[in-house]
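The residues making up each chain are set out below.
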Amino acid sequence: MDRTQELLKESGALLHGHFLLSSGKHSDGYVQCAKLLMHPERAAEAVGVIADKLRRAGVQADMVCGPAMGGIVIAYELGRQLGVPAIFTERENGEMTLRRGFEVREGQRILIAEDVVTTGKSSMESARALESKGAKVIGIACLVDRSEAGTVSVPIYSSTQIRINTYDADTCPLCRSDEPLVKPGSRNLTPSAGCRDLYI
Ligand SMILES: [Zn+2]
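These notes cover the structure that comes with them. (Residues numbered from 1 in each chain as written. Predicted model: local features only at pLDDT ≥ 70, side-chain atom pairs only at ≥ 80, totals over all residues.)

Here we come to the overall build of the protein chain. Within the protein chain, the regular secondary structure consists of five helices and nine strands. The linear arrangement of helices and strands in the protein chain, starting from the amino end, is α-β-β-α-α-β-α-β-β-β-α-β-β-β. Counting only C-alpha atoms and orienting by the principal axes, one finds that the protein chain spans roughly 55 × 35 × 30 Å. Classification of the 200 residues of the protein chain by burial places 42% in the buried group. Of the contacts formed within the protein chain by residues at least 6 apart in sequence, a portion of 66% connects residues at least 24 apart. (Helix = DSSP H or I, 4+ residues; strand = E, 2+ residues; numbered from the N terminus. Buried ≥ 20, exposed ≤ 12 C-beta atoms within 10 Å, placed from the backbone. Contact = placed C-beta atoms within 7 Å.)

Turning to the packing of helix α3 (residues 40-56) against helix α4 (residues 72-82), a few remarks are in order. For the pair α3 and α4, interaxial distance at closest approach is 9 Å and the crossing angle is 65 degrees. Considered as vectors, α3 and α4 are oriented roughly perpendicular to each other. The way α3 lies across α4 gives a crossing that is right-handed. Across the interface between the two elements, A43, A44, V47, G48, I50 and A51 of α3 pack against V73, I74, E77, L78, Q81 and L82 of α4. Here the residues of the contact of α3 with α4 sort into nine nonpolar, two polar and one charged. (Axes fitted to C-alpha atoms, helices over the stretch in contact; angles between N-to-C directions. Parallel < 35°, antiparallel > 145°, perpendicular 65-115°, else oblique. Left-handed = near helix turned anticlockwise from the far one by under 90°. Nonpolar A, V, L, I, M, F, W, Y, C, P; charged D, E, K, R; others polar.)

Moving on, we get to the sheet that holds strand β9 (residues 166-167). Spatially, three strands are ordered β1-β2-β9 in an open sheet, and the strand pairing comes out antiparallel. Since the sheet does not close on itself, it has two edges, and those belong to β1 (14-20) and β9, each with one partner. Sheet analysis places strand β2 (residues 26-31) next to β9, joined by two bridges and oriented antiparallel. Bridge pairing in β9 places S27 opposite T166. (Pairing = 2+ DSSP bridges.)

Counted at 1.5 Å a residue, the expected span for α3 with its 17 residues is 24 Å, and the 24 Å between its end C-alpha atoms agrees. The largest bend in α3 comes to about 25 degrees, at G48. Within α3 the residues assigned to the buried category are A43, A46, V47, I50 and L54. Among the structural elements, α1 (3-10), α2 (34-37), α4, β7 (136-145) and β8 (156-161) are those in contact with the buried residues of α3. (Expected span 1.5 Å × (residues − 1). Bend = angle between axes of the 7 residues up to and from the residue.)

This paragraph deals with the environment of E95. By the secondary structure assignment, E95 is in strand β5 (residues 95-98). The sequence separation of E95 and S126 amounts to 31 residues, and the corresponding C-alpha distance is 9.2 Å.

What follows deals with α1. Residues of α1 that are buried: T4, Q5, L7 and L8. Summarising the axial view, the buried residues of α1 lie within an arc of 160 degrees, below the 170-degree limit, and thus occupy one face. Packed against the buried residues of α1 are β1, β2, α2, α3 and β8. (Arc of directions from axis to C-beta.)

Within strand β6 (residues 109-117), eight of the nine residues are buried, leaving the element largely enclosed by the surrounding structure. One ladder, built from three bridges, connects strand β3 (residues 63-67) with β6; its direction is parallel. Paired with V64 across the strands is L111, a residue of β6. Relative to β7, β6 runs parallel, the two being bridged by eight bridges. Its bridge partner lying in β7, I110 is registered against V137.

Coordinates in, geometry out; function isn't part of it.
Quick look at the structure:
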């Protein structure tokens, strides 16, 4: 277990059980990054891993942009550590867009910041919104990389990688067990303190 996973665990952010994801799939685990990010010193340490990776890779961003909500705190902390501004995209009528007077310039090199990357859908939507204004998206910085190879077309710089099993609803083995299906964010979540580290 790496340091970021320890921080997630200490924060009660690693959950195990039987979860209904927004995609409709079921999973045996869930990462609730907000539980780590609520502690500023832990957030600084976990995001520091990403900042170190970027420095070692020689990646120089002009700005960081996090899709709301999950990316906002990561973008802010990463921007602080890299010494660059941090902005966010948000949905307006279903479209990921820049609001609040945020602007990007032609050729500006931007890192997308996320809490968890799975399919990379919201990251890539944000990337398109920024690139339509002339900026260049140079990668995705995230706390937890859960992506599968080939789903994201730009480099990912993560603080940690965690594997969680996901299942189609009609073939989910957990549905055949006694484990109740819960929606992440509901109050039925089981903190992972002392849990079996099945998905790490
Ligand atoms: Zn299930």
